[in-house]
Amino acid sequence: MADPTDTAPLRHLLTLEHLSRATLETLLSRAAALRPQALGHGARDALRGRTVVNLFFEPSTRTRSSFQLAALRLGADVLNFEVALSSTRKGESAVDTLRNLEAMGASLFVVRHSDSLAVTELAAHAAATSAVVNAGDGRNAHPTQGLLDMLTIRQHKGEDFSGLRVAIVGDVRHSRVARSDLHALRTLGAGEIRVAAPAALLPDAAELQGTRVCERLEEALEDADVVMMLRLQRERMEEGLVPSLAQYRQAWGLSAARLAGARPDAIVMHPGPMNRGVEIEDEVADGPRSVILEQVANGVAVRMAVLLELARV
Ligand code: NCD
């Protein structure tokens, strides 16, 4: 049976779960074609006259900046809504905030929130002419990060993921990035998805379906083609889940010596922000196998593709 998402235009982008392979591949191809413009070469005004609002209820460096640049490089007006300086501080709800910004003519909303349900809830209240992009909601999803990670893998390993061994390492439990990556990797047919974390940082069993759980980092790295390291997210963690940073580093930190167990052409990814010297050593983060800054560059292209898609351009 045809997947309805193959033909229906995207209304919002809240998660990669349930998006078809065709939809993901269309977005990735579109992003790949936009790379020169994403890096600032050649003006384009596909979104001239449209207003994109960055509505971030949680801190962000890469995601917010790259949505802003993506929108500006498409000719849109961009409002970086300052939550900390706004009436949110006086108790105004996110829905009322959205409605006020809609009344000023904004129609594309990029929303980050610490609550896993907040962005979906906001999308449900958006006007018919508005679209919402989830820029990270609690532990739930971070779809544009998932897409930019897939674009980065494609650039290095080609479009056929069926022969790839992909290791996702670290604080998977609290990671919306890992959730979106898992959805996309499954849909795109990754050969073997390995999830490696101390038991306390593994997600629920249902989320691990179709993956191979590794109890040791070395096992996850063996002959891996792609190594995705995750930040230890202490802000989302109850106390005591990790014994100490030093112990975590010793068992789960990616050093050059450990990376030697992966394939010689393996790529190392990290969504940022990195805890250097905890989950990843400088020698790897800044080393020859690192594609971490390519992920950042791809983020602009992916966000351009998503904004164009949601604006129906
Ligand atoms: C991530 C996030 O905020 O979800 N960062 C990002 O967007 N690149 C990952 C993290 O916070 O660890």
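Residues numbered from 1 in each chain as written. Predicted model: local features only at pLDDT ≥ 70, side-chain atom pairs only at ≥ 80, totals over all residues. Heavy atoms only, no water.

Asker: Any chance you could break down the sheet that holds strand E7 (residues 212-214) for me, citing the residues and the numbers?
Answerer: Ordered in space as E7-E6-E5-E8-E9, the five strands form an open sheet in which the pairing is parallel. The sheet terminates laterally at E7 and strand E9 (267-269), the two strands that pair on one side only. Shown here is a sheet whose adjacent strand axes are inclined to one another by a mean of 20°, direction ignored. Both strand E5 (residues 165-169) and strand E8 (residues 226-229) contribute to a ladder of four bridges, which runs parallel. The residue bridging Ile 168 from the neighbouring strand is Met 228, located in E8. Packing against the sheet, helix H6 (residues 176-187) makes contact with E5, strand E6 (192-196) and E8, and its axis sits at approximately 165° to E5. (Pairing = 2+ DSSP bridges. Helix = DSSP H or I, 4+ residues; strand = E, 2+ residues; numbered from the N terminus. Axes fitted to C-alpha atoms, helices over the stretch in contact; angles between N-to-C directions. Contact = heavy atoms within 4.5 Å.)

Asker: A description of the pattern of salt bridges should follow, citing residues and the corresponding values.
Answerer: Applying the stated criterion across every chain yields a total of 19 salt bridges. One salt bridge connects Arg 173 with Asp 204, and the closest N-O pair in it is separated by 3.7 Å. One end of the pair, Arg 173, is in the loop between E5 and H6; the other, Asp 204, is in the loop between E6 and E7, and 31 residues separate them in sequence. Overall, Arg 173 belongs to the partly exposed group, its relative accessible area being 25%. Linking Arg 212 and Glu 219 is a salt bridge whose minimum nitrogen-to-oxygen distance equals 3.4 Å. Overall, the relative accessible area of 30% leaves Arg 212 in the partly exposed class. Several salt bridges share partner residues, and in doing so they unite Lys 157, Asp 225, Arg 263 and Asp 265 into one network. (Salt bridge = Lys/Arg side-chain N within 4 Å of Asp/Glu carboxyl O. Buried < 20%, exposed > 50% of the residue type's maximum accessible area, 1.4 Å probe, protein only.)

Asker: Pulling in residues and values, what's your account of the site of the ligand?
Answerer: Around the ligand, the structure places Arg 62, Thr 63, Arg 112, His 142, Gln 145, Arg 176, Val 177, Arg 231, Pro 271, Gly 272 and Pro 273. In the environment of the ligand, an oxygen atom lies 2.7 Å from a nitrogen or oxygen atom belonging to the side chain of Arg 176. Taking Pro 271, its main chain carries an N or O atom lying 2.8 Å from a nitrogen atom of the ligand. For the ligand, whose unbound accessible area comes to 310 Å², protein coverage reaches 94%. Applying the majority rule of atoms within 2 Å of the grid points places the ligand in the largest pocket. When contributions to the shell around the ligand are tallied by element, the ones reaching two or more residues are helix H2 (62-72) and H6. Taken together, the residues of the shell around the ligand sort by class into three nonpolar, four polar and four charged. Residue assignment places the shell around the ligand across two domains, with domain 1 (21-142 + 296-310) and domain 2 (144-291) each supplying three or more. (Near = heavy atom within 4 Å. Polar contact = N/O pair within 3.5 Å; in protein donor to acceptor, adjacent residues only side chain to side chain. Areas by Shrake-Rupley, 256 points an atom, 1.4 Å probe, with all protein chains shown as cover. 1 Å grid on protein atoms, 1.4 Å probe; cavity = no way out; pocket = protein on both sides within 12 Å on 5 of 7 lines; lining within 4 Å. Sits in = over half its atoms within 2 Å of the grid points. Nonpolar A, V, L, I, M, F, W, Y, C, P; charged D, E, K, R; others polar. Domains from an automatic or database assignment.)

Asker: Please set out the layout of surface pockets residue by residue, giving values where relevant.
Answerer: Counted as a void, the largest pocket has a volume near 360 Å³. In this structure, the largest pocket is lined by 20 residues; those nearest its centre are Arg 112, Arg 176, Arg 231, Gly 272 and Pro 273. Of all the secondary-structure elements, those providing two or more residues to the lining of the largest pocket are H2 and H6. Partitioning the lining of the largest pocket into residue classes produces five nonpolar, eight polar and seven charged. (Points joined across faces, edges and corners; volume = space filled by probe spheres on them.)

Asker: Account for helix H5 (residues 143-157), with residues named and values stated.
Answerer: For H5, with 15 residues, the first-to-last C-alpha span of 21 Å sits near the 21 Å given by 1.5 Å per residue. Among the 15 residues that make up H5, 13 are buried, leaving the element largely enclosed by the rest of the structure. Within two residues after H5, Gly 158 carries a phi angle of roughly 90°, on the positive side. (Expected span 1.5 Å × (residues − 1).)

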